[in-house]
Amino acid sequence: MFGYYGSKGIVLKEETFEENLGLRTEEGEYNLMAQLLSDNSHIPVRVSIFTGTSKGSDLFSVREFGNDCILYTLDELIRYGDVLNIIQADERNRVVERKEVQLFDDKSFREAIINAILHNLWVECNEPIITVFSNRIEILSRGTLAPKQTLEGFYRGRSIPVNRKLSEIFIQLHISEKSGRGVPKIVETYGRSAFTFEENAITVTIPFNWINKIGNKVGDKVGDKVGNKNMTLNATRQRILSEMRNNPNVTKANLQKLLKLSSTAIDNNIAFLRKNGHIDRIGSNKTGYWKVIDKN
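Residues numbered from 1 in each chain as written. Predicted model: local features only at pLDDT ≥ 70, side-chain atom pairs only at ≥ 80, totals over all residues. Heavy atoms only, no water.

Counting its regular elements, the protein contains 12 helices and 10 strands. Across the protein, the fraction of contacts at a sequence separation of at least 24, relative to all contacts at a separation of at least 6, is 58%. Surface accessibility of the protein: about 16300 Å² in total, with carbon and sulfur atoms responsible for 49%. (Helix = DSSP H or I, 4+ residues; strand = E, 2+ residues; numbered from the N terminus. Contact = heavy atoms within 4.5 Å. Areas by Shrake-Rupley, 256 points an atom, 1.4 Å probe, with all protein chains shown as cover.)

The structure is reproduced here in structure tokens:
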């Protein structure tokens, strides 16, 4: 912790840092904040990578970060995002120079990681979970919105910190700001449907923007067909596919509640997915189920 503060040009005083950072309980014992900032915190944050689009696919690798000061863990996670974020050569409609396209928006990823660490309900002794699939990243933090936080205020960036002291430290170190731009940045890029609110967790889904599959020709016609029709789906349609993979019996009413969209919006997105061969309905509307068709 002293090293991290020093790298930001801030010198902590031995005599006062524990009190200023709120590292002890009223009884004088080190508290959870002290554990989070310790160089031997015993708090890991894992990144699991699956080969397919669900946890039913093969597990490719698991990277474990943490067990030391949470500030360094945060930096490691953000740097690992740079490793995952493949820069793709887009030669569709190329005239002279090819375009370089990120697999996902790095700024949205950074804000999602910071929020997951900052607003995680650490008192329950559960760390955030980061899962990488072939078409998206899911960043799950424990807990829900702060008691005085409204959903509309959340989307607009009116931040009410769950961990107030940790929030003060992040602001002091210029990791985050009081401007509350993190959530609006994600919403601007991927829409409100990038956020899923469960009883005890909040998940941010960051879809991948694959330009071409390996083995496809990159000519104008083929490239456009693969890039626009088969590969590029907005965050809402990615979420619908994800929910159907995880629960083939999910209903339109369920989807409407999960994605916080109107029934018309759900119907339109499902119609698009069916028309373009991403899903099929097996059986009747009442007793059937959804089949997700992976485009290999």
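Here the narrative resumes, following the displayed structure.
Its 15 residues place the ends of helix α4 (residues 70–84) 21 Å apart at the C-alpha level, agreeing with the 21 Å of an ideal helix rising 1.5 Å per residue. Among the residues of α4, those classed as buried are Ile 70, Leu 71, Thr 73, Leu 74, Leu 77, Ile 78, Tyr 80, Gly 81 and Leu 84. (Expected span 1.5 Å × (residues − 1). Buried < 20%, exposed > 50% of the residue type's maximum accessible area, 1.4 Å probe, protein only.)

Spatial strand order, β2-β1-β5-β6-β8-β7: six strands in an open sheet with mixed pairing. Both edges of this open sheet fall to β2 (59–66) and β7 (195–197), since each of them pairs with a single strand only. Geometrically, the sheet is characterised by an average inter-axis angle of 15 degrees between neighbouring strands, direction not taken into account. Across seven bridges, the pairing between strand β6 (residues 136–142) and strand β8 (residues 201–207) is antiparallel. Pairing of Ile 139 across the sheet is with Val 204, part of β8. The strands touched by α4 within the sheet are β1 (44–50), β2, β5 (129–132) and β6, with β2 carrying the most contacts at an inclination of about 150 degrees. (Pairing = 2+ DSSP bridges. Axes fitted to C-alpha atoms, helices over the stretch in contact; angles between N-to-C directions.)

A word on the environment of His 119. Take His 119: it is sitting in the loop between α5 (106–118) and β5. Classification of His 119 as buried rests on a relative accessible area of 18%. Along the backbone, His 119 and Ile 202 are 83 residues apart, and their C-alpha atoms lie at a distance of 9.7 Å. With residues up to four places along the chain from it excluded, the contact list for His 119 reads Arg 142, Ser 159, Ile 160, Pro 161, Val 162 and Asn 163.

With that settled, the discussion passes to the packing of aromatic side chains. Inspection of every chain in the model, using the stated rule, returns 12 aromatic pairs. Between Tyr 4 and Tyr 72, the ring centres sit 5.2 Å apart and the planes meet at 85 degrees, which makes this aromatic pair edge-to-face. Here Tyr 72 lies in helix α4 and Tyr 4 lies in helix α1 (residues 2–7), a separation of 68 residues in the sequence. Consider the rings of Phe 208 and Trp 210, whose centres lie 6.2 Å apart with planes at 90 degrees: the pair is edge-to-face. A relative accessible area of 8% places Phe 208 in the buried class. Aromatic ring contacts, followed pair by pair, group Phe 104, Phe 109, Phe 208 and Trp 210 into a single cluster. Above the plane of the ring of Phe 133 lies Arg 136, whose end atom (NZ or CZ) is 4.0 Å from the centre. Over the face of the ring belonging to Phe 272 we find Arg 237, whose NZ or CZ atom lies 3.7 Å from the ring centre. (Phe/Tyr/Trp six-rings, centres within 6.5 Å; stacked < 30°, edge-to-face > 60°. Lys NZ or Arg CZ within 6 Å of the ring centre and 35° of its normal.)

The subject of this paragraph is the side chain of Gln 88. Looking at the secondary structure, you find Gln 88 in strand β3 (residues 87–90). Exposure remark for Gln 88: the relative accessible area of 8% places this residue in the buried category. Engagement of the side chain of Gln 88 in a polar contact is seen with the backbone nitrogen of Ile 211, the distance being 2.9 Å. Apart from the residues lying within four places of it in its own chain, the contact partners of Gln 88 are Lys 99, Glu 100, Val 101, Gln 102, Leu 103, Asn 209, Trp 210 and Ile 211. (Polar contact = N/O pair within 3.5 Å; in protein donor to acceptor, adjacent residues only side chain to side chain.)

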